[in-house]
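Results of the structural survey
Listed below, chain by chain, are the residues.
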Amino acid sequence: MKLSKKLALYILMFNMFITFSAIGLILPVMPSYLKTYGAAGQALGFIIAIVASAQFIFSPVAGNLSDRHGRKNLIIFGLVVSGLSQIAFGLSDELWMLYLCRFFTGVGAAFIVPPVMAYAADITSEEERGKAMGWIGAAISLGFMIGPGIGGFLSNISIYFPFYFAGFASIMAGILSLIFLPAIKPVMKDQSKGENIFQQMARSFKTSYFVLLVVVFVFSFGISNFQSTLTMYLTYKFNYTPNDIAIVMTVGGFVGVIVQGFALNKLFKMFGEMRIILFGLLVAAISLYGMLYVNSFYIILFVATLFSTATTLIRPAVNTLISKTAGNEQGFAAGMNNSYMSLGNMIGPALAGTLFDWHQNIPFTFGTIILLGCFFLTFVWTKKSAAQQQKAS
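Given the structure is predicted, the values throughout are model-derived calculations rather than measurements.

Overview of the overall build of the protein
A count of helices and strands for the protein gives 16 helices and 0 strands. When the 393 residues of the protein are sorted by exposure, 60% land in the buried category. Excluding contacts between residues fewer than 6 apart, the proportion of contacts in the protein whose partners are at least 24 apart in sequence is 86%. Taken as a whole, the protein presents about 15700 Å² of accessible surface, with 69% of it coming from carbon and sulfur. A gap of 8 Å separates the mean positions of the 24 positive and 13 negative side-chain charges of the protein.

A few points about the packing of helix α10 (residues 210-238) against helix α14 (residues 297-326)
As a packed pair, α10 and α14 sit with axes 10 Å apart at the nearest point and diverge in direction by 160 degrees. Overall, the two elements α10 and α14 adopt an arrangement that is roughly antiparallel. As for the relative orientation of α10 and α14, their crossing is left-handed in sense. For the pair α10 and α14, contact is made by Leu212, Leu213, Val215, Val216, Phe219, Gly222, Ile223, Phe226, Leu234 and Phe238 and by Ile300, Ala304, Phe307, Thr311, Ile314, Arg315, Val318, Leu321 and Ile322, respectively.

Examining the nonpolar core
Core analysis: the biggest nonpolar cluster contains 108 residues, and Met16, Met30, Ile136, Leu234, Ile277 and Val318 have the highest contact counts within it. At 14 residues, the largest contribution of residues to this core is made by α10. Residues lining this core come from more than one domain, with at least three contributed by each of domain 1 (1-138 + 147-181) and domain 2 (197-392). Setting aside anything within four residues of it in sequence, one finds Leu234 in contact with Asn239, Tyr240, Ile245, Val248 and Ile300. Grouped together as the second largest cluster of nonpolar side chains are 5 residues, Ala62, Leu74, Val107 and Phe111 included.

Re helix α4 (residues 71-91)
In a regular helix each residue adds 1.5 Å, so 21 residues correspond to 30 Å; α4 covers 31 Å between its end C-alpha atoms and thus fits that length. Of all the 21 residues making up α4, 15 are buried; the element is thus mostly covered by neighbouring parts of the structure.

A few points about a nonpolar patch on the surface
Taken together, Phe14, Met172, Ile175, Leu176, Leu178, Ile179 and Phe180 make up a surface patch of nonpolar side chains, about 660 Å² in accessible area. A total of 6 residues in the nonpolar patch trace back to one element, the largest contributor, which is helix α8 (residues 161-180). When you line up the elements, Met172 lands in helix α8.

Description of the domain arrangement of the protein
In terms of domain boundaries, the protein breaks down into domain 1 (1-138 + 147-181) and domain 2 (197-392). Summarising the inter-unit geometry, the C-alpha centres of domain 1 and domain 2 are found 19 Å apart. At the junction of the two partners, domain 1 supplies 44 residues and domain 2 supplies 44 residues. Together domain 1 and domain 2 conceal approximately 3500 Å² of surface at their shared face, both sides included; 68% is due to carbon and sulfur atoms. Three residues, Leu27, Phe56 and Pro60, lead the burial of domain 1 against domain 2; their summed loss comes to 16% of the area buried on that side. The interface formed by domain 1 and domain 2 contains 0 salt bridges. Counting the contacts that link domain 1 with domain 2 gives 1 residue pair in polar contact (both at pLDDT 80 or more). Of all elements in the fold, only α2 (30-35), α3 (41-69), α6 (113-123) and α7 (126-154) reach the threshold of two or more residues within the side of domain 1 that touches domain 2. The leading source of residues in the side of domain 1 that touches domain 2 is α3, at 16 residues. Partitioning the side of domain 1 that touches domain 2 into residue classes produces 24 nonpolar, 15 polar and 5 charged.

Some remarks on the side chain of Thr124
Inspection of the secondary structure puts Thr124 in the loop between α6 and α7. Here the side chain of Thr124 touches Ala120 through a polar contact of 2.6 Å, landing on its backbone oxygen.

Section: the packing of aromatic side chains
Two numbers describe a pair of aromatic rings. These are the distance of the centres and the angle of the planes. Within the structure shown, the criterion is met by 20 aromatic pairs. The ring of Phe89 carries the charged tip of Arg102 above its face, separated from the ring centre by 5.7 Å.

Overview of the packing of α4 against α6
Following both chains from N to C, one finds α4 and α6 inclined at 150 degrees, their axes separated by 9 Å at the closest point. It follows that α4 is roughly antiparallel to α6 by the angle criterion. The way α4 lies across α6 gives a crossing that is left-handed. Together, Arg71, Leu74 and Ile75 of α4 and Pro115, Val116, Ala118, Tyr119 and Asp122 of α6 make up the contact between the two elements. Taken together, the residues of the contact of α4 with α6 break down into 6 nonpolar, no polar and 2 charged.

Regarding the side chain of Ser66
The residue Ser66 is located in helix α3 in this model. Within polar-contact distance, the side chain of Ser66 engages the side chain of Arg71 at 2.8 Å. Excluding its chain neighbours within four sequence positions, the residues that come into contact with Ser66 are Arg71, Leu74, Pro115 and Pro186.

Brief notes about the environment of Gly367
Within the element layout of this structure, Gly367 appears in helix α16 (residues 362-392). You can call Gly367 buried: its relative accessible area is 0%. Put simply, Gly367 and Ile76 are 291 residues apart on the chain and 35 Å apart in space, counted from C-alpha to C-alpha. If near-sequence neighbours (up to four positions away) are discounted, Gly367 is found in contact with Phe221, Asn225 and Leu288.

Parameters and conventions
Residues numbered from 1 in each chain as written. Predicted model: local features only at pLDDT ≥ 70, side-chain atom pairs only at ≥ 80, totals over all residues. Heavy atoms only, no water. Helix = DSSP H or I, 4+ residues; strand = E, 2+ residues; numbered from the N terminus. Buried < 20%, exposed > 50% of the residue type's maximum accessible area, 1.4 Å probe, protein only. Contact = heavy atoms within 4.5 Å. Areas by Shrake-Rupley, 256 points an atom, 1.4 Å probe, with all protein chains shown as cover. Lys, Arg positive; Asp, Glu negative; His and termini not counted. Charge placed at Lys NZ, Arg CZ, Asp CG, Glu CD. Axes fitted to C-alpha atoms, helices over the stretch in contact; angles between N-to-C directions. Parallel < 35°, antiparallel > 145°, perpendicular 65-115°, else oblique. Left-handed = near helix turned anticlockwise from the far one by under 90°. Core = buried A, V, L, I, M, F, W, Y, C linked by side-chain atoms within 4.5 Å. Domains from an automatic or database assignment. Expected span 1.5 Å × (residues − 1). Patch = residues over 30% accessible without salt bridge, like charges linked within 9 Å, V, L, I, M, F, W, Y side chains within 5 Å. Salt bridge = Lys/Arg side-chain N within 4 Å of Asp/Glu carboxyl O. Buried area = accessible area lost by both parts, 1.4 Å probe. Polar contact = N/O pair within 3.5 Å; in protein donor to acceptor, adjacent residues only side chain to side chain. Nonpolar A, V, L, I, M, F, W, Y, C, P; charged D, E, K, R; others polar. Phe/Tyr/Trp six-rings, centres within 6.5 Å; stacked < 30°, edge-to-face > 60°. Lys NZ or Arg CZ within 6 Å of the ring centre and 35° of its normal.

If you want it as structure tokens, here you go:
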């Protein structure tokens, strides 16, 4: 890979890291923060879900616009919007204001993720793409890992300070992208011009990678279900502080990032992306259910790490397969990928928060059933695809 491509990829990774660390930053802080509003699980679930709902609505639009106006312009716009919304979140003093600010955080993320994925596809060959998607996936996972840690640490200064920090970091990333990110002409063209989100979703049903989009939805549902429930679960059942929660979430993400950054490409070559997906879904389901039977800090830490590692294996594997299958529709595929991910992130925490207020154990059980269902669906689809390929040959 040429030096200019590597520089662009590093900047893209940095932008994804900043974006997802800002999204994950609130997780250890919010249970304590929401107590000041007299709110609990349902409010946290909707605060997390509203980010994903905005991504779901605007991701296909962003993928489309990035083909016409360039990936770079959309990425910078998204970083600035995300940054301003984070700062506004810290300044808010009403619950409805928190919802509104997080909605615009989601809008910002929607204008970052699909253009970044499409930009990476533009500058890499099919052989290089798996590695590039793995790096970007590692940056996302690192963001989710570092974000809660930063949030927990900075909350010692002030419970509002993490939001200001995240906001200024996003704006600085936008300035750095403006200066250093090369402006390229989109190579992979989106064919979805003029279609709204519902038309694009309907068209995604007919794509050859639709089952992979279902996997994106389900594992995103599982991750967001786990993260939103875990913070409340540890706060209310074990009386954990934001720092304790940050450690549990950070260690798990750190191990996942190490595996993703140093071993993922070798695992892809040894076992193939689909086997990695199946393995990740199964381990994620087992570890999610296992959280109901642990009570000591280090065992909780181990099970949470197992879950985080499994899910960090799934994301780049799915991204790579979708990108390889999408052909010249990289903008559309990236937009749909992020839309299905956002749909899972939207439904997962909203439902988990409501179920948590009903009973603390239900979100874990329900999430496990969903992940196992996806495992069997993907397994059957893989067998059918293999059989069809044998007949064709």
